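# Coordinate inspection notes
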Amino acid sequence: MMNYQTFFTEALERLQTERRYRVFADIERLAGRFPEALWHSPDGTRKITVWCSNDYLGMGQSRDVTRAMVETAWRLGTGAGGTRNISGNNHPIVELEAELADLHGKEAALVFTSGYVSNQTGISTLAKLIPNCLILSDALNHNSMIEGVRQSGCDKQIFRHNDLAHLEELLKAAGDRPKLIVFESVYSMDGDIAPIHAICDLAKRYHAMTYLDEVHAVGMYGPRGGGIAERDGVMHRIDVIEGTLAKAFGVMGGYLTGSRAVMDAIRSFAPGFIFTTALPPAVAAAAMASIRHLKASNDERQRHQRQVARTKAVLTGAGLPLMDTVTHIVPVMVGDAEACKAASDRLLEKHGIYIQPINYPTVPRGTERLRITPGPLHTDAHIDALAAALVEVWTALKLPLQPKAQAAE
């Protein structure tokens, strides 16, 4: 008799042997007290400090955002009632899509249940609608983009990360066939930024369409939080901008923005839009409140950048092996899966600091790291405590430190 359970058990055992089995901490965020949280550990509940949240600006606990969610739920109920094709558009989604189109200077926007789905279904649908489309994809694109490319069934070429010469070589070789360049603005594991202007120049020269993922940049950069493309004055040159409501905006959902025709085509043909339940009205209202706030307020972004800079300076001054980045992503390199997990465990259990280990397949083997995301609500005292804890962990686990530099005040 076939024992199907063994297939799953053996697959899990392989993950554990490769030190890739993931364990999720049971954490309870506390509105109004972030980055403090409660960890429901095997030995009881403990207070901890979170250092790896993608709620970059702490907007998930903003009173404007939570009030919009609660009041809308009381007024309109909890669920959306089904797909938009069956239940129609709940009005907060209509307002949210107008807000997103305005944020990115586009004619229209389309909201999805997650950033993963917006990439996966957006790229695959776009490419399928373009006859004989060739997709050119950056080598470090997120898995959601890779899946969108794969599910399109179109020809693809992978260009070396941020390598303009290689991209041009591939564009030139493609000749006159339709082409779609898909890339990110901020790459979340290495914390670097795409040369958006130069990619747009190549797209114009070789008649290609552009698709930009701004999920780690929206809310964070630009005078109104429109992302790196807004900061660099290039939003108008990008055909489709994709983003998330679940990181800097602190809520949930993904979206696409672009011309009215492109958004309507995706709405009409994308299975990931047509056949899935819409975002609840309360979630849409909360996201809209967050976006409106960050369009008008630079305070969160300025405080965020200040604390990111201080975190980098203090950790570098302590001799910790930081990857040099120009963004808010602060990777501390470990280079070994088992040591990375051990460092994360010791930080949590001994110091009450939560930083999830980043291992393969999220990053290549040998580049395992702790990915730190400082925010405007991390105080100077939090930063100093983090540095001291990391040094203790590195010393206890005999991980290599760098020569110490003078930390900036």
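Read on for a plain summary of the structure. Along each chain, residue indices are assigned from 1 in the same order as the chain's sequence is written. Under the rules for a predicted model, residues below a pLDDT of 70 receive no local features and side-chain atom pairs below 80 are neither given nor counted, while totals for whole chains, interfaces and linings still include all residues. As a rule here, side-chain values come from all non-hydrogen atoms in the structure, and water together with hydrogens is ignored.

### Focus on the overall build of the protein
Helix and strand labels come from DSSP, where a helix needs a run of H or I of at least four residues and a strand needs a run of E of at least two; each type is numbered from the N terminus. On a plain count of helices and strands, the protein comes out with 15 helices and 14 strands. Radius of gyration means the value over C-alpha atoms here, while the globule rule gives 2.2 Å times the residue count to the 0.38 power. What you see for the protein is a C-alpha radius of gyration of 22 Å, in line with the 22 Å of a compact globule of 409 residues. Each of the three principal axes of the protein carries a C-alpha extent, and together these read 65 × 60 × 55 Å. Within the protein, buried positions represent 54% of all 409 residues. Of the contacts formed within the protein by residues at least 6 apart in sequence, a portion of 72% connects residues at least 24 apart. For the protein, the exposed surface amounts to about 18,500 Å²; the carbon and sulfur share of it is 54%. For the purpose of counting charges, residues Lys and Arg are taken to be positive, whereas Asp and Glu are taken to be negative. His and the chain ends are not included. For charged residues, the charge sits on one atom: NZ in Lys, CZ in Arg, CG in Asp, CD in Glu. Charged side chains in the protein number 43 positive and 45 negative. The centres of these two groups are separated by 1 Å. We call a residue buried when its accessible area falls under 20% of the maximum for its residue type, exposed when it is over 50%, and partly exposed in between, using a 1.4 Å probe and counting protein chains only. Whether two residues are in contact is decided by their heavy atoms, any of which lying within 4.5 Å being enough. Residue exposure ignores everything except the shown protein chains as possible cover, and the areas themselves are Shrake-Rupley values with a 1.4 Å probe.

### Considerations on the packing of aromatic side chains
Ring pairs shown here join Phe, Tyr and Trp side chains whose ring centres sit within 6.5 Å, with only the six-membered ring taken for Trp; geometry is labelled stacked below 30 degrees between planes, edge-to-face above 60, and tilted in between. Within the structure shown, the criterion is met by 2 aromatic pairs. Residues Tyr4 and Phe7 carry aromatic rings whose centres are separated by 6.0 Å and whose planes lie at 70 degrees to one another, so their mutual orientation is edge-to-face. In this pair, Tyr4 and Phe7 both sit in helix α1 (residues 4-17), 3 residues apart, roughly one turn of the helix. Ring centres of Phe112 and Phe273 lie 5.8 Å apart, and the angle between their planes is 75 degrees; this geometry places the pair in the edge-to-face category. Of this pair, Phe112 sits in strand β4 (residues 108-112) while Phe273 sits in helix α11 (residues 271-274), placing them 161 residues apart in sequence. As far as the burial class goes, Phe112 and Phe273 line up, both buried.

### Considerations on a nonpolar patch on the surface
A cluster of nonpolar side chains, Met2, Tyr4, Phe7 and Phe8, forms an exposed patch at the surface whose accessible area comes to about 490 Å². Given the relative accessible area of 43%, Phe7 is considered partly exposed. In this scheme, patches are assembled from residues that exceed 30% relative accessible area and form no salt bridge. Like charges are connected within 9 Å, while nonpolar side chains (Val, Leu, Ile, Met, Phe, Trp, Tyr) are connected within 5 Å. Salt bridge, as used here, is a side-chain nitrogen of Lys or Arg placed within 4 Å of a carboxyl oxygen of Asp or Glu.

### A short note on the pairing of β4
Each regular strand shows side chains that alternate between the opposite faces of the sheet. Among the 5 residues of β4, 5 are classified as buried, and the element is accordingly described as predominantly covered. Covered by surrounding structure in β4 are Ala108, Leu110 and Phe112 together with Ala109 and Val111, the residues of both alternating faces. In this analysis, strands are considered paired if DSSP registers two or more bridges between them. Where β4 meets strand β10 (residues 254-258), 5 bridges bridge the pair, whose relative direction is antiparallel. By the bridge assignment, Ala108 is partnered in β10 with Gly258.

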